[in-house]
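# Structural features, examined
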Amino acid sequence: MACGEAAQAQDPAKRVLAIGPYAEDVPFQAGFMAGLAEGLGAETVLYREYLSYPTFSGASHEANFERYLREKYVEPLDLLVLFGDGATRWGERFRAFHPEAKRLNLVSSVELERKRAEQDVSGYVLLPEQNFAEALDFICSVDPGTKIRVVHDELSDESENSGELLEVAAKQLGVWERLDFIGGSFGEIREQLEALPQGSPVVLTPYFRGRGGEPAVPAVTMPHLIEGLDLKFYTMWDTLMLEGVLGGKIMISREVGRMAAAQGLRLLRGDALLPADAYGAGLYAFAFDDRLLRRFGMEESLLPAGSVLLNHRPKFLESYFWQSLLVASICAGLLVSTLVLRAVVRRRTQELVRRNEELNTTLMQRNRLSDIGRSMTMLAHDLRSPICTIKTCSDLLTGKSEIGVDDEWLVQRMSDSTRKSLSMISDMLDYVRTLEPKIETVSAEEFMEILNSEILPLCDDLEWVSVECRLLGEGDVSLDTVKVSRVVVNLVKNAIEALGQAEVANPVVVVTVEVSSQETSISVSDNGPGVGKEIAEQLFEPFKTSGKRSGTGLGLAIAKEFVQAHDGAISCETERGKTVFVVRIPNRTEGAREKVPREGVSLPS
């Protein structure tokens, strides 16, 4: 029911009480309270008491409220602010126990004359009636001789004040007989408005009360009252323009509230009050809805000077309407053409991409078949030598030859030739059938054991070369251990053969496995003579070799396919005295840990 707040300014400490309806969001009251709080002293206390209309009525309510005020406000007050006629009645009661308080009554000019007649104290704020006169004069000039309906109810205190203002203004202009007041409940007023001819002028006041004791209807219901009605609605009160209202004289209520606060501060300090003719000057304006002006065929030249136009259409659209429409049509046509063209291009692009993919697939198949044909020819040629060796050895073993040769040596030669033949056939099958890798997750240590077991047979009877295997990092690797170990073995084998052909002093082959959270990197390096530039550019193509005396030329091509099947990559870095092949395979596990260098392990010769 009550609230108090400290205000800030320069004056000495004061006690101020404001009484009025519970309407803090109303622009006038909000502007007044803000202006008063800004002008008061830092130690001034501002109290606020609310009256709820029409609920706050009756002898019991008034007696309870008076008792509440007497008990709460025992100490003297410096200023009493009363909003409206309902609150000014409490000013009389305050005389009995707070005669020292100065009073500021915020009422209309008609109510002000009545209070002055009762010899009340000065300090009133004027809401000048000339605004009503100007608005009525404009309406009469637009519709001469036409009846002007006014939504009004004399049973409402606020409507009584506005009715008196309208009566004074209408009699001054000589148009009192043209006013026709419409009152009653919401439904009754709506029914009367619906019966009016189209385009009839109607003046809206913000308060009215229904017949039979219904509560007062506030201004927020106005949009519902006028919804769907094709009438010339005008407003002449301190309200903003509503949807569907043609126009009217409105008040910039928040600024008027601040001027009222300035008047109250003058009264509180004992300064001279603002004169009635200066108060509110420049804070009233005509406002009109441009859309409704056009609907009713009203020219802007008829409007009062300085009028504000809402929902105004720019003038260039009036002057160049057809030209603008033509340009808009052309732009729309261009937009449609662009969208159609984009759709056609997109469809043709998709078709070309599809055909290109088909051609690439066909070309790859043809190249593959050509490679297979070449490989079969090479295989048939290369198998002749080991098969002849096996045939010769078998003849010697069966005694068909008179040359005396050790049987064990013959069996070893047959085994070597057989192993060579099987290697050629395996390379050919691996190149022809590209199988998906069988990914498995093993620890880095287990993978190194697999590599050691595959590389160890290569070192038999090779005392002239040193092969070392190193592991950097710990964790798990995710790959096809069979295919990847074959790639590493092939690289090691190629390195040993290259070192043997070049007759390098102190030949060394180093296999390094490096495990990280992102990838598994396997490098095979040797200290051989390196690979020629021309050969290095074609090293991973089928049937290309780096000068070996034997082989199908498919080893590195197969290694590349195995690595790419893991979404990895293989590369060669070569220079004189060093060659390094690097295989990088993405690590699909999260078990890899930081690199921890470990001692190199030399395989036995």
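Details of the structure are given in the entry above.
Below or above, wherever it landed, is the structure these notes cover.

### Some words on the overall build of the protein
Helix and strand counts for the protein come out as 17 helices and 22 strands. Expressed as a percentage of the 605 residues in the protein, the buried residues total 42%. Across the protein, the fraction of contacts at a sequence separation of at least 24, relative to all contacts at a separation of at least 6, is 71%. Entry remark: accessible area of the protein is about 33000 Å², with carbon and sulfur atoms responsible for 53%.

### Comments concerning the packing of aromatic side chains
In this structure the tally under the stated criterion is 6 aromatic pairs. Both rings, one in F138 and one in Y234, keep their centres 6.4 Å apart while their planes meet at 80°; by these two values the pair is edge-to-face. Pair noted here: F138 is in helix 5 (residues 130–142) and Y234 is in strand 11 (residues 232–235), with a separation of 96 residues, a long-range link. Taken as a pair, F138 and Y234 share a single burial class, namely buried. Ring geometry for F286 and F288: centres 6.0 Å apart, planes at 5°, overall stacked. Judged by relative accessible area, F286 falls into the buried class, the value being 9%. Across from the ring centre of W176, 5.6 Å away, lies the NZ or CZ of K171, which sits over that ring. Its guanidinium or amino end placed over the ring of F562, K483 lies 5.3 Å from that ring's centre, counting from NZ or CZ.

### Looking at helix 14 (residues 444–455)
Spanning 12 residues, helix 14 covers 16 Å between terminal C-alpha atoms, matching the ideal 16 Å at 1.5 Å per step. Elements in contact with the buried residues of helix 14: strand 15 (440–443), strand 16 (466–472), strand 17 (476–479), helix 15 (481–502), strand 18 (508–515) and strand 19 (519–526).

### Structural notes on the environment of W176
Of note, W176 is situated in the loop between helix 6 (157–173) and strand 7 (179–182). Each C-alpha atom of the pair W176 and I148 lies 9.7 Å from the other, and the pair is 28 residues apart in sequence. Ignoring anything within four residues of it in the chain, the contact list for W176 reads E167, A170, K171 and F181.

### Side note on the pattern of salt bridges
Applying the stated criterion to the full structure yields 16 salt bridges. Between E468 and R470 there is a salt bridge, and its shortest N-O distance comes to 2.9 Å. Take E468: its relative accessible area is 18%, and that puts it in the buried class. For R470, a relative accessible area of 34% translates into the label partly exposed. Sharing partners across several salt bridges, the network here consists of E351, R354 and E358.

### Here we look at the nonpolar core
Taken as a class, soluble globular proteins show a tendency for nonpolar side chains to be buried jointly. Counting residues in each nonpolar core, the largest one holds 42 residues, and the members touching the most others are F447, I455, V488, V492, V509, V513 and V583. For this core, the secondary-structure elements that each account for two or more residues are helix 14, strand 16, strand 17, helix 15, strand 18, strand 19, helix 17 (555–565) and strand 21 (578–586). Ranked by the residues each element gives to this core, the list is headed by helix 15, at 9 residues. Setting aside anything within four residues of it in sequence, one finds F447 in contact with V442, V477, L479, T481, V484, V513 and I522. Listed in part, the 27 residues of the second largest apolar core include F132, L165, L292 and M298.

### As for the pairing of strand 4 (residues 79–83)
The buried fraction of strand 4 is high, at 5 of 5 residues. Alternating positions in strand 4 separate into two faces, L79, V81 and F83 on one and L80 and L82 on the other, with burial throughout. In terms of strand pairing, strand 4 meets strand 5 (residues 102–106) through 5 bridges, oriented parallel. Each residue of the ladder has a partner; that of V81, found in strand 5, is L104.

### Looking at the side chain of T520
Position of T520 among the secondary structure elements: in strand 19. What makes T520 buried here is its relative accessible area of 2%.

### A word on empty space enclosed by the protein
On inspection of all chains with the given rule, the structure shows 2 cavities of 30 Å³ or more. Put simply, the second largest cavity is a space of about 30 Å³. Broken down by secondary-structure element, the contributors of at least two residues to the lining of the second largest cavity are helix 5, strand 11 and strand 12 (247–251). Its residues assigned to classes, the lining of the second largest cavity shows 6 nonpolar, 2 polar and 1 charged.

### Observations regarding unusual backbone geometry
Residue N506 is not a glycine yet carries a positive backbone phi of 50°. A positive phi angle is found at D567, which is not glycine, with a value near 60°. Mapped onto the elements of the fold, D567 is located in the loop between helix 17 and strand 20 (569–575).

### Observations regarding the packing of helix 14 against helix 15
Running from amino to carboxyl end, helix 14 crosses helix 15 at an angle of 45°, the nearest separation of the two axes being 10 Å. The angle between the axes of helix 14 and helix 15 places the two elements in the oblique class. When the axes of helix 14 and helix 15 are compared, the crossing they make is right-handed. Residues F447, I450, L451, E454 and I455 of helix 14 touch helix 15, and the partners they reach there are T481, V484, S485, V488, V489 and V492. For the contact of helix 14 with helix 15, the residue count by class is 8 nonpolar, 2 polar and 1 charged.

Rules behind the numbers
Residues numbered from 1 in each chain as written. Predicted model: local features only at pLDDT ≥ 70, side-chain atom pairs only at ≥ 80, totals over all residues. Heavy atoms only, no water. Helix = DSSP H or I, 4+ residues; strand = E, 2+ residues; numbered from the N terminus. Buried < 20%, exposed > 50% of the residue type's maximum accessible area, 1.4 Å probe, protein only. Contact = heavy atoms within 4.5 Å. Areas by Shrake-Rupley, 256 points an atom, 1.4 Å probe, with all protein chains shown as cover. Phe/Tyr/Trp six-rings, centres within 6.5 Å; stacked < 30°, edge-to-face > 60°. Lys NZ or Arg CZ within 6 Å of the ring centre and 35° of its normal. Expected span 1.5 Å × (residues − 1). Salt bridge = Lys/Arg side-chain N within 4 Å of Asp/Glu carboxyl O. Core = buried A, V, L, I, M, F, W, Y, C linked by side-chain atoms within 4.5 Å. Pairing = 2+ DSSP bridges. 1 Å grid on protein atoms, 1.4 Å probe; cavity = no way out; pocket = protein on both sides within 12 Å on 5 of 7 lines; lining within 4 Å. Points joined across faces, edges and corners; volume = space filled by probe spheres on them. Nonpolar A, V, L, I, M, F, W, Y, C, P; charged D, E, K, R; others polar. Axes fitted to C-alpha atoms, helices over the stretch in contact; angles between N-to-C directions. Parallel < 35°, antiparallel > 145°, perpendicular 65-115°, else oblique. Left-handed = near helix turned anticlockwise from the far one by under 90°.

Function cannot be read off these values alone, since they describe shape.
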